[in-house]
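The chain contents come next:
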Amino acid sequence: MKERWSALTRLQRLLLLFQGVLLLLFLILYFLWGSREGVERRSIFYEKSVQGDTVTYHSKAAGFLTEYTVKGSGGEYTVMCRVEDETFGPYTVSPDPEAAKDPGDWEGPVTGGVQVWQGSELLYRGAYYVGTNGELLWLKDEQGALHWGGDVVRTTGYSAPDAIQMPQVADILSFSLGPAVVRRGDILFFWLLLLIALLNSASILYADEIFRWDLSFRIRDVEGAEPSEWEMYSRYIGWCLLCVVELGVFIHGLTVLH
């Protein structure tokens, strides 16, 4: 094996080392990130931490550090939101079964009714539906307006910079309902990455053997055959493309939420 390694070109060695580092880095980052619980909201991962009856969700949303703090139990919750140095709230979320009894002409499923208050101002009263994965799918207010994805009017009463988006009623309600817990990264992608890396490494280490084995089905004197320049270019292009595929699997495997 030492002689085979010495016979490799610099690019072949770099590709082999790149794959080894990629596999090792995947495992390290997976066990660092995959152990963290969180929730997904608007395709953003919010890390979750619990201390007593207080649950905190924090992430970087739209380029700003964002944190939601939910306190309470039994359906009655107080929610605070902080975006960078701006603080919004408190908001009060309380169940309202009567609001779920009249969803208008909506014939779909209803999870319950709720009220969302900002101080003495009623921001929302109506029905809502949470899917099987814990995601808030829609809200229907008492005026009969249906909001798919839970998008409702933004909260008011603050003079935050235009670049900072104030929390939406749907976000406040979603975090207070306790969305389904997810984790970042999927170990199955490591095994896929390992399989591709093994195949690519074998094709790099045993390129001439594979070349002659393939020719053995078409010609007699395979030992005297030499690869052309086009064959050599094709090899390097194929190896590099597979490394690009591995990089894609690496990134997706560490960022997918499940």
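About the cut-offs
- Residues numbered from 1 in each chain as written.
- Predicted model: local features only at pLDDT ≥ 70, side-chain atom pairs only at ≥ 80, totals over all residues.
- Heavy atoms only, no water.
- Helix = DSSP H or I, 4+ residues; strand = E, 2+ residues; numbered from the N terminus.
- Buried < 20%, exposed > 50% of the residue type's maximum accessible area, 1.4 Å probe, protein only.
- Areas by Shrake-Rupley, 256 points an atom, 1.4 Å probe, with all protein chains shown as cover.
- Patch = residues over 30% accessible without salt bridge, like charges linked within 9 Å, V, L, I, M, F, W, Y side chains within 5 Å.
- Salt bridge = Lys/Arg side-chain N within 4 Å of Asp/Glu carboxyl O.
- Phe/Tyr/Trp six-rings, centres within 6.5 Å; stacked < 30°, edge-to-face > 60°.
- Expected span 1.5 Å × (residues − 1).
- Contact = heavy atoms within 4.5 Å.
- pLDDT = per-residue confidence, 0-100.
- Lys, Arg positive; Asp, Glu negative; His and termini not counted.

### Let's talk about the overall build of the protein chain
- Summing up its helical and strand segments, the protein chain has six helices and 11 strands in all.
- Here the protein chain holds 258 residues, and the buried ones make up 38% of them.
- Summed over all atoms, the accessible surface of the protein chain reaches about 15,100 Å², with 59% contributed by carbon and sulfur.

### Observations regarding a nonpolar patch on the surface
- Side chains of Trp5, Leu11, Leu14 and Leu17 sit close together on the surface and give an oily, nonpolar patch of about 370 Å² of accessible area.
- A total of three residues in the nonpolar patch trace back to one element, the largest contributor, which is helix H2 (residues 10-33).

### A few points about the packing of aromatic side chains
- Here the structure, examined in full by the defined rule, presents 10 aromatic pairs.
- Summarising the aromatic geometry, the rings of Tyr30 and Phe31 are spaced 5.3 Å apart at their centres and angled 80° between planes, so their arrangement reads as edge-to-face.
- Under the relative-accessibility criterion, Phe31 is labelled exposed at 57%.
- Relative to Trp239, the ring of Tyr236 has its centre 5.0 Å away and its plane inclined at 75°; by these criteria the two rings are edge-to-face. Note that Tyr236 and Trp239 are positioned in helix H6 (residues 229-255) at a spacing of three residues, about one turn of the helix.
- Trp239 sits in the buried class, given a relative accessible area of 5%.

### Some words on H2
- An ideal rise of 1.5 Å per residue puts 34 Å on 24 residues; H2 measures up with 34 Å between its terminal C-alpha atoms.
- Those residues of H2 not exposed but buried are Gln12, Leu15, Leu16, Gln19, Leu22, Leu23, Phe26, Leu29 and Tyr30.
- Structurally, H2 contributes buried residues whose contacts are with helix H1 (2-7), helix H4 (188-205) and H6.

### A short note on the confidence of the model for the protein chain
- When pLDDT is averaged along the protein chain, the result is 80, and 81% of the positions lie at 70 or above.
- Within the protein chain, strand S10 (residues 146-148) has the poorest average pLDDT of any element, 66, and H4 the best, 94.

### Thoughts on the side chain of Asp186
- Its place among the elements puts Asp186 in the loop between strand S11 (182-183) and H4.
- The charged side chain of Asp186 is buried without a salt bridge, its nearest counter-charge being Arg183 at 11 Å.
- Every residue in contact with Asp186, bar those within four places of it in the chain, is listed here: Phe26, Tyr30, Gly253, Val256 and His258.

### Notes on the pattern of salt bridges
- Across all of its chains, the model carries two salt bridges by this definition.
- The partner of Glu67 in a salt bridge is Arg82, and the shortest N-O contact between them spans 3.5 Å. A residue pair is termed long-range when its members are at least 10 positions apart, and Glu67 in strand S4 (residues 64-73) and Arg82 in strand S5 (residues 76-83) qualify at 15 residues.
- The partner of Asp96 in a salt bridge is Arg125, and the shortest N-O contact between them spans 2.6 Å. On the criterion of sequence distance, the pair formed by Asp96 in the loop between strand S6 (86-95) and strand S7 (112-118) and Arg125 in strand S8 (residues 121-130) is long-range, its members being 29 residues apart.

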